[in-house]
Amino acid sequence: MPDPSTVLLIGAGGLVGHHLLAALGDTRTVATYRRDPVGTGVRLDITDHESVRRAIRDARPDVIILAAAEAYVERCEREPAATRRVNVDAARVIADESQRGGSLLVVFSSEYVFDGTAGQYSEQDERRPLNEYGRQKVELEDVALATGRGLVCRTSGVFGVDPARRNFVCQLVDSLRAGRRFDVASDQLITPTYAPALAGAVVRLTEQQR
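This section reports on the structure supplied with the text.

## A closer look at the sheet that holds strand E6 (residues 150-155)
What holds strands together in a sheet is hydrogen bonding between their backbones, with the strands either parallel or antiparallel.
Reasoning step 1: If you walk across this open sheet you meet the six strands as E3-E2-E1-E4-E5-E6, and the pairing is parallel. The sheet terminates laterally at strand E3 (42-43) and E6, the two strands that pair on one side only.
Reasoning step 2: Across the sheet, helix H5 (residues 132-145) is in contact with strand E4 (63-66), strand E5 (104-110) and E6; its angle to E5 comes to roughly 160°.
Reasoning step 3: Helix H7 (residues 195-209) contacts E4, E5 and E6 of the sheet and is inclined by roughly 145° relative to E5.

## Side note on the pairing of strand E2 (residues 28-33)
Reasoning step 1: Relative to E2, strand E1 (residues 6-10) is paired through five bridges, and the arrangement is parallel. By the bridge assignment, Leu9 is partnered in E2 with Ala31.

## Considerations on the nonpolar core
Reasoning step 1: Of all hydrophobic cores here, the largest spans 24 residues; its most connected members are Leu9, Val16, Leu20, Ile65, Val106, Phe108 and Val202.
Reasoning step 2: Every element with two or more residues in this core is listed here: E1, helix H1 (15-24), E2, E4, E5, E6 and H7.
Reasoning step 3: When neighbours within four sequence positions are excluded, Leu20 is seen to be in contact with Leu9, Ile65, Ala67, Phe108, Ala199 and Val202.

## Re the side chain of Thr32
Reasoning step 1: Mapped onto the fold, Thr32 is located in strand E2.
Reasoning step 2: In this view, Thr32 contacts Leu8, Leu9, Ile10, Gly11, Ala12, Gly13, Val42 and Leu44; residues no more than four positions away in its chain are not counted.

## Looking at the pattern of salt bridges
Between side chains of opposite charge, a pair can form as their charged atoms come close.
Reasoning step 1: All chains considered together, the criterion is met by 14 salt bridges.
Reasoning step 2: For the salt bridge of Arg53 with Glu50, the shortest nitrogen-to-oxygen distance reads 2.7 Å. Of this pair, Arg53 and Glu50 both sit in helix H2 (residues 49-59), three residues apart, roughly one helical turn.
Reasoning step 3: We note a salt bridge from Arg92 to Glu139, for which the minimum N-O separation is 3.2 Å. Of the two residues, Arg92 sits in helix H4 (residues 80-101) while Glu139 sits in helix H5, which places them 47 residues apart along the sequence.
Reasoning step 4: With relative accessibility at 39%, the residue Arg92 sits in the partly exposed group.
Reasoning step 5: Taken together, the salt bridges that share partners define one network made up of Arg84, Arg92, Glu132, Arg135 and Glu139.

Definitions and limits used
Residues numbered from 1 in each chain as written. Predicted model: local features only at pLDDT ≥ 70, side-chain atom pairs only at ≥ 80, totals over all residues. Heavy atoms only, no water. Pairing = 2+ DSSP bridges. Helix = DSSP H or I, 4+ residues; strand = E, 2+ residues; numbered from the N terminus. Contact = heavy atoms within 4.5 Å. Axes fitted to C-alpha atoms, helices over the stretch in contact; angles between N-to-C directions. Core = buried A, V, L, I, M, F, W, Y, C linked by side-chain atoms within 4.5 Å. Buried < 20%, exposed > 50% of the residue type's maximum accessible area, 1.4 Å probe, protein only. Salt bridge = Lys/Arg side-chain N within 4 Å of Asp/Glu carboxyl O.

Scope: geometric values only; no functional claims are made or implied.
Below is the structure:
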């Protein structure tokens, strides 16, 4: 990414954010985290809208990458209002600020925007989410694209080295090693997304948008 670009990476403490931070390399990056500290990053609760607006205006980014999200599908079903504040309401504020500053906004969606009946999907296929998580992702996509400079990256089963070991693969491995039962769906077929490959692709895509 050519200088003097500045990237604001929101959610650098998560799995995707961790690998994005590495992939961005020498790019001038302002990183935020909520729970797990990241180097010189700053703590940011994205549900605090005023703090989000201030962070974006202070950074004056050319690119905003929103990697922070509530990714637990079951929690979205149990607590739709609380998870919507993270996955949708916060994204609206970030999108408003990105549009105000002319930034490219990158967000991460999911195969859950589809109902799963068609097998292989294209970007043009109709979105028909079956659960709350999918509905929230549909809204996220619309919010990002409405800015006029939005990049939506749909992922599926993201996995990779995770310092916090919160992703599905790490949880599965840790449970099996400890001899604990781990329940998984038996009727779901996905093509998992390798986090480092995703991060590299996002960096290349943002470079093409500059």
